[in-house]
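Observations on chain architecture
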Amino acid sequence: QVHLVESGGGLVQAGGSLRLSCALSGRTFSSTNMGWFRQAPGKQRELVASIRSGVSTGYADSVKGRFTISRDNAKNTVYLQMNSLKPEDTAVYYCAATQYGITSDDSRWPYWGQGAQVTVSS
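So, here is what we can say about the structure in this document. (Residues numbered from 1 in each chain as written. Predicted model: local features only at pLDDT ≥ 70, side-chain atom pairs only at ≥ 80, totals over all residues. Heavy atoms only, no water.)

**As for the nonpolar core**
A general trend in soluble globular proteins is that nonpolar side chains are found buried together. If you look at the biggest cluster of nonpolar residues, it comprises 28 residues, and the most contacted ones within it are Leu20, Met34, Trp36, Val78, Leu80, Met82 and Tyr93. Mapped by element, the contributors of at least two residues to this core are strand 3 (18–25), strand 4 (33–39), strand 5 (46–51), strand 7 (67–72), strand 8 (77–82), strand 9 (91–98) and strand 11 (116–121). Apart from residues no more than four positions distant in its own chain, leucine 20 is found in contact with Ser7, Gly8, Gly9, Trp36, Val78, Tyr79, Leu80, Met82, Tyr93, Ala116 and Val118. Counting residues in hydrophobic clusters, the runner-up holds 5 residues, among them Leu47, Tyr94, Ala96 and Trp109. (Core = buried A, V, L, I, M, F, W, Y, C linked by side-chain atoms within 4.5 Å. Buried < 20%, exposed > 50% of the residue type's maximum accessible area, 1.4 Å probe, protein only. Helix = DSSP H or I, 4+ residues; strand = E, 2+ residues; numbered from the N terminus. Contact = heavy atoms within 4.5 Å.)

Printed below as a string of structure tokens:
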């Protein structure tokens, strides 16, 4: 059974930084595409960053240059480093995994973490 366990998140002032971590168990991490989604109140869940098994990355325009996704295959863990945070980054952040291709369609991601609240105060 596949599990994703997130850690990190919290409250930070605008301009600050946070790092999210997500550990995968139950499938071969090195061959799994990973992503971070977020969902703000009243909004649809959106893909903000992704990293393929071959470590190529992708970012939403709203976070490019501020967020960095990375993976450590030895630790079965994916990270999201968030810098220069803005109040509009406030959301619940979800780690996701898929054996399929990277897509912003969250229905194509079979495995999900529990979510981590990120709140950015102005």
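**What about the sheet that holds strand 1 (residues 3–7)?**
An order of 1-3-8-7 is seen for the 4 strands of this open sheet, with the pairing classed as antiparallel. Both outer strands of the open sheet, strand 1 and strand 7, are each paired with one neighbouring strand and no more. Within the sheet, the average angular offset between the axes of one strand and its neighbour, ignoring direction, is 15 degrees. Pairing geometry for strand 3 and strand 8, over 6 bridges, is antiparallel. Of the residues in strand 8, the one forming a bridge with alanine 23 is threonine 77. (Pairing = 2+ DSSP bridges. Axes fitted to C-alpha atoms, helices over the stretch in contact; angles between N-to-C directions.)

**Re the pattern of salt bridges**
Under the defined criterion, the tally for this structure stands at 5 salt bridges. The shortest N-O distance in the salt bridge between glutamate 46 and arginine 38 comes to 2.7 Å. Classification of glutamate 46 by relative accessible area gives partly exposed; the value is 31%. Here aspartate 61 makes a salt bridge to lysine 64, at a shortest N to O gap of 3.2 Å. Each member of the salt-bridge network shares a partner with another, and the members are Arg38, Glu46, Arg66 and Asp89. (Salt bridge = Lys/Arg side-chain N within 4 Å of Asp/Glu carboxyl O.)

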